[in-house]
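Chain by chain, the residues run as shown.
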Amino acid sequence: MLYAIVNNELLPANQATLAVNDLAIQRGYGIFDFFKTINHTPAFLEDHLDRFYQSASILQLPVAYTREDLKALFRRLMEQNQLPDSGIRITLTGGYAADGYTITTPNLIITQQALPDNKGLHTTGIHLVTYPHQRQLPAAKSIDYLMAVWLQSFVKQQAAQDVLYHQNNTVSECPRSNFFIVTTDGVIKTPAHGILQGVIRKQVLQLAAGQYAIQEKSITLEDIYRAKEAFITSTTKNILPVVKVDGQIIGDGLPGKTTTALAADLQKVIDEIAKTR
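Computed from a prediction, not measured in an experiment: that's the story for all the values here.

Visitor: Is there a simple way to think about the overall build of the protein chain in this case?
Guide: Within the protein chain, the regular secondary structure consists of nine helices and 16 strands. At 19 Å, the protein chain has a C-alpha radius of gyration in line with the 19 Å of a compact globule built from 277 residues. Dimensions of the protein chain along its principal axes, counting C-alpha atoms only, are 55 × 45 × 30 Å. Per-residue burial for the protein chain yields a buried fraction of 48% across its 277 residues.

Visitor: Explanation requested: helix α7 (residues 199-208) in the structure shown.
Guide: Owing to its 3.6 residues per turn, the α-helix aligns residues three or four sequence positions apart on the same side. By the criterion of burial, α7 is predominantly enclosed, with seven of the 10 residues buried. Within α7 the residues assigned to the buried category are V199, I200, R201, Q203, V204, L205 and A208.

Visitor: Where do I start with the sheet that holds strand β2 (residues 9-12) in this structure?
Guide: Each strand in a sheet pairs with another by means of backbone hydrogen bonds, the pair being arranged parallel or else antiparallel. Strands sit in the order β2-β1-β6-β5-β3-β4 across an open sheet of six strands; the sheet is antiparallel. Of all strands in the sheet, those bounded by a partner on one side alone are β2 and β4 (41-42). The pairing of strand β1 (residues 3-6) with strand β6 (residues 108-114) spans two bridges and is antiparallel. If you follow I5 over to β6, its bridge partner there is I110. Packed on one face of the sheet, helix α3 (residues 67-81) meets β1, β2, β3 (30-38), β4, β5 (86-93) and β6 and runs near 40 degrees to β6.

Visitor: Any chance you could explain helix α2 (residues 45-58) here in plain terms?
Guide: With 14 residues, α2 should cover 20 Å at 1.5 Å per step; its first-to-last C-alpha distance of 20 Å lies within 8% of that length. Among the residues of α2, L45, D47, H48, L49, R51, F52, S55 and A56 are the ones counted as buried. Next to the buried residues of α2 lie β3, β4, α3, β5, β6 and α7. Just beyond α2, the residue with positive phi is Q60, at close to 60 degrees.

Visitor: Would you mind going over the packing of aromatic side chains with me for this structure?
Guide: The tally for this structure, following the rule as stated, stands at six aromatic pairs. Arranged with centres 5.6 Å apart and planes meeting at 80 degrees, the rings of F52 and Y53 form a pair that is edge-to-face. What makes F52 buried here is its relative accessible area of 0%. A residue is classified by how much of its surface remains accessible, and Y53, at 22% relative accessible area, is partly exposed. Here F180 and F231 contribute two aromatic rings whose centre-to-centre distance is 4.7 Å and whose plane-to-plane angle is 10 degrees, an arrangement assigned as stacked. One end of the pair, F180, is in strand β10 (residues 178-182); the other, F231, is in strand β14 (residues 229-234), and 51 residues separate them in sequence. Accessibility classification places F180 together with F231 in one group, the buried group. Here a set of aromatic residues connected by ring pairs shows up, and it is made of Y131, W150 and F154. Across the ring face of F32, the terminal group of R89 is positioned such that the distance to the ring centre comes to 4.0 Å.

How each quantity is defined
- Residues numbered from 1 in each chain as written.
- Predicted model: local features only at pLDDT ≥ 70, side-chain atom pairs only at ≥ 80, totals over all residues.
- Heavy atoms only, no water.
- Helix = DSSP H or I, 4+ residues; strand = E, 2+ residues; numbered from the N terminus.
- Rg over C-alpha atoms; globule rule 2.2 N^0.38 Å.
- Buried < 20%, exposed > 50% of the residue type's maximum accessible area, 1.4 Å probe, protein only.
- Pairing = 2+ DSSP bridges.
- Contact = heavy atoms within 4.5 Å.
- Axes fitted to C-alpha atoms, helices over the stretch in contact; angles between N-to-C directions.
- Expected span 1.5 Å × (residues − 1).
- Phe/Tyr/Trp six-rings, centres within 6.5 Å; stacked < 30°, edge-to-face > 60°.
- Lys NZ or Arg CZ within 6 Å of the ring centre and 35° of its normal.

In structure tokens, the structure reads:
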């Protein structure tokens, strides 16, 4: 049985509940973050906490917990669940609102789960389909995934694995991933605006610095179709090659050399985290 934390209380996950007047339920108002543990060790935790507090600030949610408070709660949950390799989600809601509309004292929920296995997709790559959409308050990691969930049937109909948002022919991000291309002359490009700044995105840019030319700038749909390589990044996926977008093959239709090299470099960083326990 897995356990979860609601505010400061450790509970069996199937007993962790909120009242129905929480703004997360009434209006879909709240934020979250999600980090991995490798061999019981949180990966890139300070970056995730930076983003958690930034998201809370953007949505005007007061956080009654310091970083050390949150880390103590993470340790408590990890000791109880004993999942060495896992994903931990921190959710902060809008709180219980008598009028169903006004932010009150937020509720904190921390859950832990086994990580999905994406290994097969790293060797074959994935297909994306594009769709016109821009997330609200994109710099915040909010719980608003209305469009992403609604589009799941569309993604399946297009024989794709995920959707890539664009607006006026300029792409931004996937619902749960950042997007990169490698141009024919070897430049790594990734959007800089209208996106959530991913933790793995940051790691990839740091790993690429000094090895490749990097541009954080707008990417058009035409740029993608002409690209030599493409990939997405996220906490659960690390670096995942993209071999087809809107039915058009990217490069030679196989994971590219730059993508593969960066994925190996990132895996080395993650492997070192596993040794720190």
